[in-house]
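# Descriptive structure summary
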Amino acid sequence: DQGKLEEARAAYERQLESILSSGDRKAEALNLRMTAILYRQMGDQARATGLVTKSLSIALDLKDPALEAPALYILGVLEDGQKLDESALEHFNAALQMPGISSMMRGQILQGLATAHCNLGHFGPCIEFNRQQLDMAIASGNQFQIAWGYFKLAYPQTLSGDRLGAYESTLKALAYLRGVD
């Protein structure tokens with residue numbers, strides 16, 4: 001609820017004051033990124049974009065891919081939400097190229113790429129990024145993630161005219177869901 005978001009915002013801003021006085025640039029970048037996510041949740045896209053842009057700038061100064069990749073990803077998410085799909089693709093692609101990204105971050109980036117490509121009507125790349133995400137889910141063995149991956153794959157298959165593929169993906173999603181406790 002809005003009250004809890006406001007409490008969290010105030011706490012992050014108090015934390016930032018302390019971080020700034022300590023000079024810890026890495027903690028500053030992380031705090032700015034987390035505060036940006038909070039502002040996104042609160043509906044203030046402009047403030048969120050400004051904060052995550054500052055976070056990215058610090059990450060670039062520090063030459064820290066572990067800070068840079070999530071900042072690029074969040075910029076892509078913000079741009080995707082504003083239907084700036086070409087810019088979102090640039091940021092998602094840049095995030096995907098960062099060394100040492102976690103599998104969770106990779107999955108989120110792949111989902112962002114798939115969504116932006118679908119929004120642009122580029123169903124081939126959308127399907128490919130969804131397949132990559134599905135492959136990660138299959139490798140993890142998580143039945144819910146596998147079901148969700150098949151479900152997400154069915155959408156661009158439908159849009160591209162591959163109704164049989166979409167049907168089969170939906171059936172596979174349901175089969176995996178049956179196996180989830």
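Refer to the structure above for everything that follows.
Cut-offs used in this document
- Residues numbered from 1 in each chain as written.
- Predicted model: local features only at pLDDT ≥ 70, side-chain atom pairs only at ≥ 80, totals over all residues.
- Heavy atoms only, no water.
- Helix = DSSP H or I, 4+ residues; strand = E, 2+ residues; numbered from the N terminus.
- Contact = heavy atoms within 4.5 Å.
- Areas by Shrake-Rupley, 256 points an atom, 1.4 Å probe, with all protein chains shown as cover.
- Lys, Arg positive; Asp, Glu negative; His and termini not counted.
- Charge placed at Lys NZ, Arg CZ, Asp CG, Glu CD.
- 1 Å grid on protein atoms, 1.4 Å probe; cavity = no way out; pocket = protein on both sides within 12 Å on 5 of 7 lines; lining within 4 Å.
- Points joined across faces, edges and corners; volume = space filled by probe spheres on them.
- Nonpolar A, V, L, I, M, F, W, Y, C, P; charged D, E, K, R; others polar.
- Salt bridge = Lys/Arg side-chain N within 4 Å of Asp/Glu carboxyl O.
- Buried < 20%, exposed > 50% of the residue type's maximum accessible area, 1.4 Å probe, protein only.
- Expected span 1.5 Å × (residues − 1).
- Arc of directions from axis to C-beta.
- Core = buried A, V, L, I, M, F, W, Y, C linked by side-chain atoms within 4.5 Å.

Looking now at the overall build of the protein. Each helix and strand counted, the protein has nine helices and zero strands in total. Helices and strands in the protein line up, N terminus first, as α-α-α-α-α-α-α-α-α. Based on the C-alpha atoms only, the size of the protein along its principal axes is roughly 60 × 35 × 30 Å. By sequence separation, contacts in the protein at least 24 residues apart represent 48% of the contacts at least 6 residues apart. Surface accessibility of the protein: about 9900 Å² in total, with carbon and sulfur atoms responsible for 55%. Both charge centroids of the protein, one from 17 positive and one from 21 negative side chains, sit 3 Å from each other.

A few words now on the environment of A114. With respect to the helices and strands, the residue A114 is situated in helix α6 (residues 103–119). For the pair A114 and L16, spaced 98 residues apart in the sequence, the C-alpha separation amounts to 34 Å. Among all residues touching A114, those that are not within four sequence positions of it are C126, F129 and N130.

A few words now on the layout of surface pockets. Roughly 240 Å³ of volume is contained in the largest pocket. What lines the largest pocket is a set of 17 residues, and nearest its centre among them are P70, Y73, I74, M105 and Q108. In terms of residue count, the dominant contributor to the lining of the largest pocket is helix α4 (residues 65–81) (seven residues). Among the residues making up the lining of the largest pocket, the classes are represented as 12 nonpolar, three polar and two charged. Considered as a void within the structure, the second largest pocket measures approximately 200 Å³ in volume. Lining the second largest pocket are 15 residues, and of these Y73, G107, Q108, Q111 and G112 lie nearest its centre. For the lining of the second largest pocket, the secondary-structure elements that each account for two or more residues are α4, α6 and α7 (123–140). The element contributing the most residues to the lining of the second largest pocket is α6, with seven residues. Residue composition of the lining of the second largest pocket, grouped by class: five nonpolar, eight polar and two charged.

Proximity of charged atoms lets side chains of opposite charge pair with each other. Under the counting rule described, the total for this entry stands at six salt bridges. E13 is paired through a salt bridge with R47; the nearest N and O atoms lie 3.7 Å apart. Taken together, the residues E13 in helix α1 (residues 2–22) and R47 in helix α3 (residues 45–62) connect sequence positions 34 residues apart. For R47, a relative accessible area of 39% corresponds to the partly exposed category. R25 serves as the salt-bridge partner of E28, at 3.6 Å between the closest nitrogen and oxygen. With E28 and R25 both in helix α2 (residues 25–41) and three residues apart, this pair spans about one turn of that helix. With relative accessibility at 14%, the residue E28 sits in the buried group. Several salt bridges converge on common partners, so that one network encompasses E6, R9, E13 and R47.

Under the 1.5 Å per step criterion, the end-to-end length of α3 is 26 Å for 18 residues, consistent within 8% with the ideal 26 Å. Of all the positions in α3, only A48, L51, V52, S55, L56, I58 and A59 are classed as buried. For α3, the buried positions fall inside an angular range of 160 degrees around the axis, keeping them on one side. Facing away from the buried surface of α3 by more than 90 degrees, the exposed residues are A46, K54 and D61. Where α3 is buried, its residues meet α2 and α4. Positive phi shows up at K63, right after α3, with a value of about 55 degrees.

On to the nonpolar core, then. By size, the foremost hydrophobic cluster in this structure holds 35 residues, and its most contacted members are V52, Y73, F92, I109 and L113. Listed by contribution, the elements that provide at least two residues to this core are α2, α3, α4, α5 (85–96), α6 and α7. Ranked by the residues each element gives to this core, the list is headed by α4, at nine residues. Excluding its chain neighbours within four sequence positions, the residues that come into contact with F92 are Y73, G76, V77, I109, G112 and L113.

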